[in-house]
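# Structural features, examined
Each chain, letter by letter, is given below.
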Number of protein chains: 2
Amino acid sequence: MGSKERIARLKEETRINILDASLDIVKDEGWQSLSMRKIADKIEYTAPIIYEYFANKEGILLELTRKGYILLTASVRKAMNGLSEPAAQLEAMWIAYWDFAFENRELYQLMFGVDMNCCELKKIMPEAEVSNQLYFEIIKEVMEDEDPPEDLICRKYYTFWSVIHGLISINMVNKGRGMEMNEQILKDAIKGIIKYIND
Amino acid sequence: MGSKERIARLKEETRINILDASLDIVKDEGWQSLSMRKIADKIEYTAPIIYEYFANKEGILLELTRKGYILLTASVRKAMNGLSEPAAQLEAMWIAYWDFAFENRELYQLMFGVDMNCCELKKIMPEAEVSNQLYFEIIKEVMEDEDPPEDLICRKYYTFWSVIHGLISINMVNKGRGMEMNEQILKDAIKGIIKYIND
DNA sequence: GTAAATAATCTAACACCGTTAAGCAAATGT
DNA sequence: ACATTTGCTTAACGGTGTTAGATTATTTAC
């Protein structure tokens, strides 16, 4: 009675089909327009059978997130194992992380919640750029280099923003669960970047 | 006939009421469950009248985003004007940014798309922590300090992650529109942080 | 081989969503 | 007093995630 296994294999296959179909839809039309009925269409079933494979839509997203983490970990590990000197390893690992994000854009968005709304938003929202200019001014003054080029300031600003925004994200996501950042740590980070700016 | 103005003032008032009600709902139940009908309920109207004040739901979010940016800019500017020494100014400005994010959590999420999904997600997803440990190992090796405390490594990791994640976010959001980050810039940033790590 | 039981799948429906059109009722202009 | 505009509501459309019930196909038992 090996048909049990064959059936189990088939079930596993449509489970994977659901995940693949979902990712395909998202790649074509974005997370916003992923719906159970569209998934069902793509795998040539009707919507309710999806619930035989996943508890609900969130379950699908969860599984894709897991898939993302596994892929990411594999990439990072591979980069690590390819070298032996720690500093070089660390660099390669972060580059692997970076590459993963852009090779698996949709998964990365799902895993870390990068909202793409802002994309066209900034064009019609001048207010979004006002505060930037304040930072630009002051960064320019902090830089020891006299009259630094615009794009260098820009890069410094983005480095700053990255750190602060990243720290905020962590604190919001990990809220309550250990690892709370206090103001001292924030100040340390800022001082560190200011020092880094003038290298 | 000054009643024209009175009416205009009333209209402006319910416009503000809509925005306030929206933010209230979001503070109570999150962005996910903000709906036109709920807003209408809260301002004691029916859903369609909202469309007399905003083109659609996105219009409301857009206005709240604008409000966020104006508030943020005011905070940052105030911090800036309170000091005169550039480095101190810069620090105060980023602290103001930080404070804004946590005093206006919901607005910050809207402005920069911090997805709160992950919050409870990480508890049921051990895969999400595997790659962290790889980084922990290597960061430990890179640090010159022999046998550094766990939470210091953690902090260094988060600094790294913040920069990389921030840079990725910028590149995803600003995709196509100038300011593209190439690998060289990424590598520079990584080298910079490695140097910063050992201070 | 036929009947019963089980599994696989679909249809229909529920409650909600954003949004629009039609209609009513009160206030306004003439 | 009548006509017109305004403010607001009800009803509906097409969409969403999800569930229950009916239907069909497959397997099992005799």
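Residues numbered from 1 in each chain as written. Chains lettered and ligands numbered in written order. Predicted model: local features only at pLDDT ≥ 70, side-chain atom pairs only at ≥ 80, totals over all residues. Heavy atoms only, no water.

Going by what an unreviewed UniProt entry lists, chain A is known as TetR family transcriptional regulator and is assigned to Pedobacter metabolipauper.

The next subject is the side chain of Glu-91 of chain A. By secondary structure assignment, the location of Glu-91 of chain A is in helix 4 (residues 86–103). Apart from the residues within four sequence positions on either side, Glu-91 of chain A is in contact with Lys-187, Ile-190 and Lys-191 of chain B. (Helix = DSSP H or I, 4+ residues; strand = E, 2+ residues; numbered from the N terminus. Contact = heavy atoms within 4.5 Å.)

Not every one of the 15 residues close to DNA strand C is listed here, only the nearest: Thr-46 of chain A together with Met-36, Arg-37, Tyr-51 and Lys-57 of chain B. When atoms of DNA strand C within 4 Å of the protein are sorted by moiety, sugar and phosphate together comprise 57%. Interatomic distance of 3.5 Å between a backbone N/O atom of Leu-34 of chain B and a phosphate oxygen of DNA strand C. A distance of 2.8 Å is found between a phosphate oxygen of DNA strand C and a backbone nitrogen or oxygen belonging to Lys-57 of chain B. Of the residues that constitute the surface near DNA strand C, the class distribution is eight nonpolar, three polar and four charged. (Near = heavy atom within 4 Å. Polar contact = N/O pair within 3.5 Å; in protein donor to acceptor, adjacent residues only side chain to side chain. Nonpolar A, V, L, I, M, F, W, Y, C, P; charged D, E, K, R; others polar.)

Surveying the vicinity of DNA strand D reveals 13 residues, the closest of which are Arg-37, Tyr-51 and Lys-57 of chain A together with Tyr-45 and Thr-46 of chain B. Restricting attention to atoms of DNA strand D within 4 Å of the protein, one finds that 51% of them are sugar or phosphate atoms. Residue Leu-34 of chain A places a main-chain N or O atom 3.5 Å away from a phosphate oxygen belonging to DNA strand D. In this structure, a phosphate oxygen belonging to DNA strand D sits 2.8 Å away from a main-chain N or O atom of Lys-57 of chain A. When its residues are assigned to classes, the surface near DNA strand D shows seven nonpolar, three polar and three charged.

Core analysis: the largest hydrophobic core is formed by 110 residues, its most contacted members being Trp-94 and Tyr-97 of chain A together with Trp-94 and Tyr-97 of chain B. Apart from the residues lying within four places of it in its own chain, the contact partners of Tyr-97 of chain A are Leu-72, Tyr-108 and Phe-112 of chain A together with Tyr-135, Trp-161, Ile-164 and Ile-168 of chain B. (Core = buried A, V, L, I, M, F, W, Y, C linked by side-chain atoms within 4.5 Å. Buried < 20%, exposed > 50% of the residue type's maximum accessible area, 1.4 Å probe, protein only.)

So, about helix 5 (residues 105–112) of chain B. Residue and element names in this part refer to chain B. Extensive coverage of helix 5 is indicated by the burial of seven of its eight residues. Within helix 5, burial applies to Glu-106, Leu-107, Tyr-108, Gln-109, Leu-110, Met-111 and Phe-112. Once helix 5 ends, the next one or two residues include Gly-113, with phi positive near 55°.

All names here are of chain B. If you check the backbone angles, Glu-44 has positive phi at about 60° while not being a glycine. Relative to the helices and strands, Glu-44 is located in the loop between helix 2 (36–42) and helix 3 (57–81). Overall, Glu-44 belongs to the exposed group, its relative accessible area being 72%.

Right, let's get into the UniProt feature "DNA-binding region" (unreviewed entry) in chain A. In this structure's numbering, the residues bearing the UniProt feature "DNA-binding region" (unreviewed entry) are residues 35–54 of chain A. Segment residues 35–54 of chain A splits into 35% helix and 0% strand. End C-alpha atoms: 14 Å apart. (UniProt positions renumbered as here; feature names shortened; annotations may be inferred.)

Turning next to the environment of Arg-15 of chain B. All names here are of chain B. Of note, Arg-15 is situated in helix 1 (residues 3–29). When the C-alpha atoms of Arg-15 and Tyr-53 are compared, they prove to be 6.1 Å apart, with 38 residues separating the residues in sequence. Excluding residues that lie within four positions of it along the chain, Arg-15 makes contacts with Tyr-53, Phe-54 and Glu-63. A polar contact of 3.3 Å, which involves the side chain of Arg-15, links it to the backbone oxygen of Tyr-53.

With that settled, the discussion passes to the packing of aromatic side chains. Residue and element names in this part refer to chain A. A full pass over the atoms with the stated rule returns six aromatic pairs over all chains. Their ring planes at 90° and their centres at 5.8 Å tell us that Tyr-97 and Tyr-108 sit as a pair that is edge-to-face. Within this pair, whereas Tyr-97 is found in helix 4, its partner Tyr-108 is found in helix 5 (residues 105–112), the two being separated by eleven residues in sequence. For Tyr-108, a relative accessible area of 0% translates into the label buried. Seen from their ring centres, Trp-98 and Phe-102 are 4.9 Å apart, and the 50° between their planes marks the pair as tilted. Separated by four residues within a single helix, Trp-98 and Phe-102 lie in helix 4, roughly one turn from each other. Looking at Phe-102, the relative accessible area reads 24%, which means it is partly exposed. Aromatic rings pair up to connect Trp-94, Tyr-97 and Tyr-108 into one cluster. Here the guanidinium or amino end of Lys-11 rests over the ring plane of Tyr-53, the centre of that ring lying 5.0 Å away. (Phe/Tyr/Trp six-rings, centres within 6.5 Å; stacked < 30°, edge-to-face > 60°. Lys NZ or Arg CZ within 6 Å of the ring centre and 35° of its normal.)

Within the structure shown, the criterion is met by eight salt bridges over all chains. A salt bridge links Asp-20 of chain A to Lys-67 of chain A, with the shortest nitrogen-to-oxygen separation between them at 3.7 Å. Linking Asp-20 of chain A in helix 1 (residues 3–29) with Lys-67 of chain A in helix 3 (residues 57–81), this pair joins segments that are 47 residues apart in sequence. Across the pair Arg-66 of chain B and Glu-63 of chain B runs a salt bridge whose closest N-O atoms are separated by 3.3 Å. In this pair, Arg-66 of chain B and Glu-63 of chain B are both assigned in helix 3, three residues apart and thus about one turn of the helix distant. Note on Arg-66 of chain B: relative accessible area 19%, which makes it buried. (Salt bridge = Lys/Arg side-chain N within 4 Å of Asp/Glu carboxyl O.)

Right, let's get into the packing of helix 3 of chain B against helix 5 of chain B. Residue and element names in this part refer to chain B. Packing of helix 3 against helix 5 leaves a shortest axis separation of 9 Å and a crossing angle of 110°. With respect to each other, helix 3 and helix 5 are oriented roughly perpendicular. Contacts between helix 3 and helix 5 involve Leu-61, Leu-64, Thr-65, Gly-68, Tyr-69, Leu-71 and Leu-72 from the former and Leu-107, Leu-110, Met-111 and Phe-112 from the latter. Its residues assigned to classes, the contact of helix 3 with helix 5 shows nine nonpolar, two polar and no charged. (Axes fitted to C-alpha atoms, helices over the stretch in contact; angles between N-to-C directions. Parallel < 35°, antiparallel > 145°, perpendicular 65-115°, else oblique.)

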